[in-house]
Amino acid sequence: MSLVTPSWHRIWLFPLLGAILQPAIGKPVPPRRPVQLVRSNWTIAKPANLTAVAARPTPAPAVSPARVTFAEAGYADQSLQGLSSTATYYLRIPPTGTLQNGQLTLLLTPSQALLLNKSSVTIQVNGQPVLSLNLNQLTPNNPISVPLSPASQQAGSPFVQVDVKTQLAISDDRCKDLENPALWLKVGQASSVTYQVAANAGKRLNLSNCLPTKTAIVYPATASPVDIRLVSALYSRLSELRPGTVGLFPASQAPDSLRNLIVVGELTSLPARYRSLLTRQPQPHQGLFALKAATPQQPEVLFVTGSGQDGYAKTVDAVSNSTILASAFGDFLTINKARQEQRERPQSDRLTLAQLGGQPTMMHGIGSLRQLYSFRLSDFSKQPNEIETHLEARYSGLQAGDRGYLNLYINDVLFSSTALDKSGLISVSPNVKHYLLKPFNTVQAEFRFFPGANVCQNSFTSFFAQVDVQRSYVYSASAYSSETLSFLQYPGAFQSKPLAVVVSKSQLTQAVPGVCELVRQLNQRPAKTLTIPSVYASDSYKASTDENLLAILDRTDPLWARLSKAPVQFDRDFRLYGDDRSKPLFAVSDSVSCGVAQIFREGDQSVLLLSLNGTAAAGTLQNTARHLTDQLSNQASNVLIAAGPNRYVFNLTEDNASIDYYDRTDYARDWWGRYNLYILGGLLVLILLAFLYVRSKVNVSRALFEN
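Since we're looking at a predicted model, the values are computed, not measured.

### Let's talk about the overall build of the chain
No. 1: Counting its secondary structure elements, the chain contains 11 helices and 38 strands.
No. 2: Classification of the 707 residues of the chain by burial places 49% in the buried group.
No. 3: For the chain, the share of sequence-separated contacts (at least 6 apart) that also reach a separation of at least 24 residues comes to 77%.

### Topic: empty space enclosed by the protein
No. 1: Applying the stated criterion across every chain, the model contains one cavity of 30 Å³ or more.
No. 2: Here the largest cavity is characterised by a volume of approximately 80 Å³.
No. 3: Taken together, 14 residues form the lining of the largest cavity, with Arg376, Ser378, Pro439, Tyr490 and Pro491 sitting closest to its centre.
No. 4: A per-class count over the lining of the largest cavity returns six nonpolar, seven polar and one charged.

### Structural notes on the pattern of salt bridges
No. 1: The full count for this structure, using the stated rule, is 12 salt bridges.
No. 2: In this structure, the salt-bridge partner of lysine 505 is aspartate 539, at a minimum N-O distance of 3.8 Å. Of this pair, lysine 505 sits in the loop between β29 (499–503) and α9 (512–522) while aspartate 539 sits in the loop between β30 (534–537) and β31 (548–553), placing them 34 residues apart in sequence.
No. 3: You can call lysine 505 exposed: its relative accessible area is 57%.

### Observations concerning the sheet that holds strand β3 (residues 84–92)
No. 1: Taken together, four strands build an open sheet; the order of strands is β3-β9-β6-β7 and the sheet is antiparallel. With partners counted over all chains shown, the strands left at the sheet margins are β3 and β7 (128–134), one partner each. Here the average twist between neighbouring strands, direction ignored, is 15°.
No. 2: Across six bridges, strand β6 (residues 120–125) lies against strand β9 (residues 159–167) in antiparallel orientation. Within β9, the residue paired with threonine 122 across the bridge is lysine 165.

### Points about the packing of aromatic side chains
No. 1: Tallying each qualifying case throughout the model produces nine aromatic pairs.
No. 2: An aromatic cluster of three or more residues is present, and its members are Tyr395, Phe447, Phe449 and Phe463.
No. 3: The lysine or arginine in question, arginine 350, covers the ring of tyrosine 473, its NZ or CZ lying 4.0 Å from the ring centre.

### Points about the nonpolar core
Side chains that are nonpolar tend, in soluble globular proteins, to be buried together.
No. 1: Counting 73 residues, the largest nonpolar core has Leu104 and Phe447 as its most contacted members.
No. 2: Sort the elements by how many residues they give to this core and strand β26 (residues 440–450) lands first, with five residues.
No. 3: Ignoring anything within four residues of it in the chain, the contact list for phenylalanine 447 reads Met363, Gly367, Ser368, Leu369, Ala393, Tyr405, Leu406, Leu420, Phe463, Ala465 and Val467.

### With respect to the environment of glutamine 154
No. 1: If you trace the backbone, glutamine 154 turns up in the loop between β8 (144–148) and β9.
No. 2: Judged by relative accessible area, which is 10%, glutamine 154 ranks as buried.
No. 3: C-alpha of glutamine 154 to C-alpha of glycine 127: the two residues are 27 residues apart in sequence and 9.4 Å apart in space.
No. 4: Within the local environment of glutamine 154, its side chain forms a polar contact with the side chain of glutamine 161, the two groups lying 3.2 Å apart.

### Regarding the pairing of strand β23 (residues 413–419)
No. 1: By the bridge criterion, six bridges tie strand β22 (residues 403–410) to β23 in an arrangement that is antiparallel. Bridge pairing in β23 places tyrosine 409 opposite leucine 414.
No. 2: In this antiparallel pair of consecutive strands, β22 and β23, the connection spans two residues, and asparagine 411 shows a positive phi of 55°.

### Describing the sheet that holds strand β36 (residues 639–643)
No. 1: What the seven strands build is an open sheet, ordered β30-β29-β31-β35-β34-β36-β37; its pairing is mixed. Looking along the sheet, the strands with just one partner apiece sit at the ends: β30 and β37 (646–650). Taken over all neighbouring pairs, the strand axes of this sheet differ in orientation by 15° on average, direction set aside.

### Re α9
Residues spaced three or four apart along an α-helix point in a common direction, a consequence of the helix completing one turn every 3.6 residues.
No. 1: Across the 11 residues of α9, 10 count as buried, placing the element largely inside the fold.
No. 2: Where α9 is concerned, the buried positions are Val512, Pro513, Gly514, Val515, Cys516, Glu517, Leu518, Val519, Gln521 and Leu522.

### Describing helix α4 (residues 225–241)
No. 1: Taking 1.5 Å of rise per residue, 17 residues should cover 24 Å, and α4 covers 25 Å from first to last C-alpha, within 8% of that figure.
No. 2: Extensive coverage of α4 is indicated by the burial of 13 of its 17 residues.

### Examining unusual backbone geometry
No. 1: Note the cis peptide between tyrosine 490 and proline 491, where omega equals 5°.
No. 2: Structurally, proline 491 is set in the loop between β28 (473–479) and β29.
No. 3: Positive phi, close to 60°, is recorded for asparagine 101, a residue that is not glycine.
No. 4: Relative accessible area serves as the criterion here: at 59%, asparagine 101 is assigned to the exposed category.
No. 5: Unlike most non-glycine residues, asparagine 141 shows phi in positive territory, near 65°.
No. 6: Along the chain, the position of asparagine 141 falls in the loop between β7 and β8.
No. 7: Taking the relative accessible area as the measure of exposure, asparagine 141 reaches 81% and is therefore exposed.

### Digging into the packing of α4 against helix α6 (residues 308–320)
Describing two packed helices takes the angle between their axes plus the distance from one axis to the other.
No. 1: Relative to each other, α4 and α6 sit at 20°, their axes nearing to 9 Å. The angle between the axes of α4 and α6 places the two elements in the roughly parallel class. Handedness of the α4/α6 crossing: left-handed. Facing Val226, Asp227, Arg229, Leu230, Ala233, Leu234 and Arg237 of α4, the residues of α6 in contact are Gln309, Tyr312, Ala313, Thr315, Val316, Asp317, Val319 and Ser320.
No. 2: A class-by-class count of the residues in the contact of α4 with α6 yields eight nonpolar, three polar and four charged.

### A look at the packing of α4 against α9
No. 1: Remark: α4 packs on α9, axes separated minimally by 8 Å, with the N-to-C direction vectors making an angle of 50°. By the angle class used here, α4 and α9 are oblique. Here the hand of the crossing between α4 and α9 comes out right-handed. Note on element contacts: α9 touches α4 through Val512, Val515, Cys516, Glu517, Val519 and Arg520, opposite Ile228, Val231, Ser232, Tyr235, Ser236 and Ser239.
No. 2: Of the residues that constitute the contact of α4 with α9, the class distribution is seven nonpolar, three polar and two charged.

Cut-offs and rules
Residues numbered from 1 in each chain as written. Predicted model: local features only at pLDDT ≥ 70, side-chain atom pairs only at ≥ 80, totals over all residues. Heavy atoms only, no water. Helix = DSSP H or I, 4+ residues; strand = E, 2+ residues; numbered from the N terminus. Buried < 20%, exposed > 50% of the residue type's maximum accessible area, 1.4 Å probe, protein only. Contact = heavy atoms within 4.5 Å. 1 Å grid on protein atoms, 1.4 Å probe; cavity = no way out; pocket = protein on both sides within 12 Å on 5 of 7 lines; lining within 4 Å. Points joined across faces, edges and corners; volume = space filled by probe spheres on them. Nonpolar A, V, L, I, M, F, W, Y, C, P; charged D, E, K, R; others polar. Salt bridge = Lys/Arg side-chain N within 4 Å of Asp/Glu carboxyl O. Pairing = 2+ DSSP bridges. Axes fitted to C-alpha atoms, helices over the stretch in contact; angles between N-to-C directions. Phe/Tyr/Trp six-rings, centres within 6.5 Å; stacked < 30°, edge-to-face > 60°. Lys NZ or Arg CZ within 6 Å of the ring centre and 35° of its normal. Core = buried A, V, L, I, M, F, W, Y, C linked by side-chain atoms within 4.5 Å. Polar contact = N/O pair within 3.5 Å; in protein donor to acceptor, adjacent residues only side chain to side chain. Expected span 1.5 Å × (residues − 1). Parallel < 35°, antiparallel > 145°, perpendicular 65-115°, else oblique. Left-handed = near helix turned anticlockwise from the far one by under 90°.

This is the structure:
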């Protein structure tokens, strides 16, 4: 993506502005020393293609209160367990908000077994303690409140960091309390931060900071391939920036209650109900981002549009590169030139814990000290069969009588345990077998420390440990190879080539939620540039072995003829059987509403094929796509069927006898096999009744003749 800048002084001034004012994206890393930005007395000439009005970070008069709960920020109820524990929360304050006269409200529920007068909780905001109290000072069922101010927010960050630290006791002997499961304090997800909506909210809002506040995307009622590509890019970006679900609505189904949304479409295809709010028009072949601030009568709308399909398509690349919008400090941005920036694919089979988002956190205390690291199988350049987990750490050396262990868990399964010693250094490299791996994995490092008895009698010394996240890593020790693909290999098996999405023309609009979910799965690890595949209607797609394929087809699409290796030919009705051939496990016909996902190789191509049948196709497709990477997928499953709340996973091959296709003659045969006894019985009854009727008539005639 490149923007036209008319003069040299804008070339260096604008990136300088972006470097100073660009807001943090994703969860921030707390700095050791707060840094304050000092605004210099200089001005910037306004480029022709950007309106660069930066929001002033100074406090503003508040006009109305609002709040964000822990649940809305993606946190569930959390229990702090053990003698001492800490929970950290990051809550995003929208750019229109200010913490002037703000308030932190915490719902704390202590264990009934605690000695409340000897148990305490400390609240920290932005790394600074703001409240400490014994638990006997808590009022049952009443929250505690902490006043906030603009200083409670990190400079240059939209987040408020809240730390809840506990010191709990059940008896006077801390050594006896060490492993007591009754040591806990629950922080409720209904806890919240209240902030004020600034009086100058409209001036504080711009393109660089508005995306995390958007809750829905509205697209044209008749979607085009460019619409699908743009909506999937926005959906992936919003899923990165905010917790919770993102609403997806065709223009004809968008509810009037939406107050903060994105409206997309080529200029002439914008929904009529929103078009009147767009005050700027793109020039021919230009793309346009335009932000319309909210009023009491109208919602806040971010328009993403363009003049002509070529101008409209340029906006996709602006969304895929996070730095484009993050450095746009005005309320509109025009795109004159654009180019596709390919995302760097994983090239290494070795990923350090730092690359996986790990922080060099200092753990201290007694009992169990834990640190979590997460990774996906698709993070490696090749699908791993076995993973080596190398971990290096420093810790406080054990004294005589102390006991300590380093336990490693993969997906909550213990696979390594090593005793600690007085050296204070440890390096271990255990391997994880393939049957313990899942699409998404968590490695947990647990230090368990038990002080000697003499320490309990005199003083109590805390244990500390720190994992070296730069030198610790996970390594694909061997690659997984198989003749057939499985869902465990999605999306990893699709990263070796460019990717194309092909959709049946009849399903373009209904396929939007499903494609968004598939593209989100391709981009689940935050990156500067998103992977946004090309999108084609099936009738205009030219098959190529140089790209992998994601296809969404209806049952009548001619493209089925090219996909001969699909485990299930969904263009035909079929039944799936288990060991008992007399009872089908699942049957598909025209009257069944379901989605079928298949993963397979077609020559040199990796293909993920989703097929729709019946009503409610959009919801069925999105539901099917969500199941692809859940933890129930295993190395053997290559067919998934989602029907309502139920889902079925199978491992089928081309010559598998578990599948039976049938046509209209098979319907007649099945119908006859099911009802033939009833039919024959009915015929016998009719024959008997006819016989009795004829016999009665004969008897009457005989009687008349005799008379």
